[in-house]
Amino acid sequence: MEAIKKELSLYLGLKLQLEAERDRMRQLHSKIVYGGIMLKDTPGGKGWSKDKLGQSVERLIDMEREHLETFCKLEERIIRVETWYNSLPDGIYKAALYWHYINGTSWLMTQRKLGNHKSSDALRVGVDYLIHKYKDSF
């Protein structure tokens, strides 16, 4: 159950990190493409990996591979949380789980958003029960 709560708590950060990785990959890819275009028509292009520019492009390609691996791992974790969340039955506790863990609001703000007559503590306990009940499908 703690592993689920940890993943849920990290969800918002993972989404932001995924976007940052996506931006880094775009930047790296554009640098690689630019470097490749620059090298394409240079004299002695066959031995381009031996000069500094060619080595820099190789390092950029390696960095892009590393970022792609990180990106895929982050994406897998996010999909796992979203799949688990979507498998939960609809109800007030699922909505509370969404607002607190996925949107990052406090329990009090979650209670106010839902306009429920339950206290924020009652919502927290209900969400804990929901997580405990469906932890095996995570």
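Up top is the structure.
Residues numbered from 1 in each chain as written. Predicted model: local features only at pLDDT ≥ 70, side-chain atom pairs only at ≥ 80, totals over all residues. Heavy atoms only, no water.

Description of the overall build of the protein
Then, in step 1: Within the protein, the regular secondary structure consists of 5 helices and 0 strands.
Then, in step 2: The linear arrangement of helices and strands in the protein, starting from the amino end, is α-α-α-α-α.
Then, in step 3: A total of 138 residues make up the protein; the buried ones form 31% of that total.
Then, in step 4: In the protein, 65% of the contacts between residues at least 6 apart in sequence involve partners at least 24 apart. (Helix = DSSP H or I, 4+ residues; strand = E, 2+ residues; numbered from the N terminus. Buried < 20%, exposed > 50% of the residue type's maximum accessible area, 1.4 Å probe, protein only. Contact = heavy atoms within 4.5 Å.)

Observations concerning the packing of helix 3 (residues 92–102) against helix 5 (residues 120–133)
Then, in step 1: It is the contact of helix 3 with helix 5, at a shortest axis distance of 9 Å, that shows an interaxial angle of 100°. Considered as vectors, helix 3 and helix 5 are oriented roughly perpendicular to each other. Residues I92, Y93, K94, A96, L97 and Y101 of helix 3 form the contact with helix 5, whose own contacting residues are A122, L123, G126, V127, D128, L130 and I131.
Then, in step 2: The residue makeup of the contact of helix 3 with helix 5, split by class, is 10 nonpolar, 1 polar and 2 charged. (Axes fitted to C-alpha atoms, helices over the stretch in contact; angles between N-to-C directions. Parallel < 35°, antiparallel > 145°, perpendicular 65-115°, else oblique. Nonpolar A, V, L, I, M, F, W, Y, C, P; charged D, E, K, R; others polar.)

Observations regarding helix 3
Then, in step 1: Among all positions of helix 3, only K94, A96, L97, H100, Y101 and I102 are buried.
Then, in step 2: Following helix 3 by one or two positions, G104 adopts a phi angle in the positive range, close to 80°.

Comments concerning the pattern of salt bridges
Then, in step 1: Considering all chains together, one arrives at 10 salt bridges under this definition.
Then, in step 2: A salt bridge links R77 to E7; the shortest N-O distance between them is 2.8 Å. Note that R77 is positioned in helix 2 (residues 52–87) and E7 in helix 1 (residues 2–40), a separation of 70 residues in sequence.
Then, in step 3: By relative accessible area, which is 32% here, R77 ends up partly exposed. (Salt bridge = Lys/Arg side-chain N within 4 Å of Asp/Glu carboxyl O.)

As for the nonpolar core
Then, in step 1: Grouped together as the largest cluster of nonpolar side chains are 23 residues, with contacts concentrated most on L8, W84, L97, Y101, V127 and I131.
Then, in step 2: Put simply, the parts of the chain that give this core at least two residues each are helix 1, helix 2, helix 3 and helix 5.
Then, in step 3: Setting aside residues no more than four positions away along its own chain, L97 makes contact with L8, W84, Y85, L88, I102, V127, L130 and I131. (Core = buried A, V, L, I, M, F, W, Y, C linked by side-chain atoms within 4.5 Å.)

Description of the side chain of S120
Then, in step 1: Relative to the helices and strands, S120 resides in helix 5.
Then, in step 2: Residue classification places S120 among the buried positions, given a relative accessible area of 18%.
Then, in step 3: Not counting the four nearest positions on each side in its chain, S120 is found in contact with W107, L108 and Q111.

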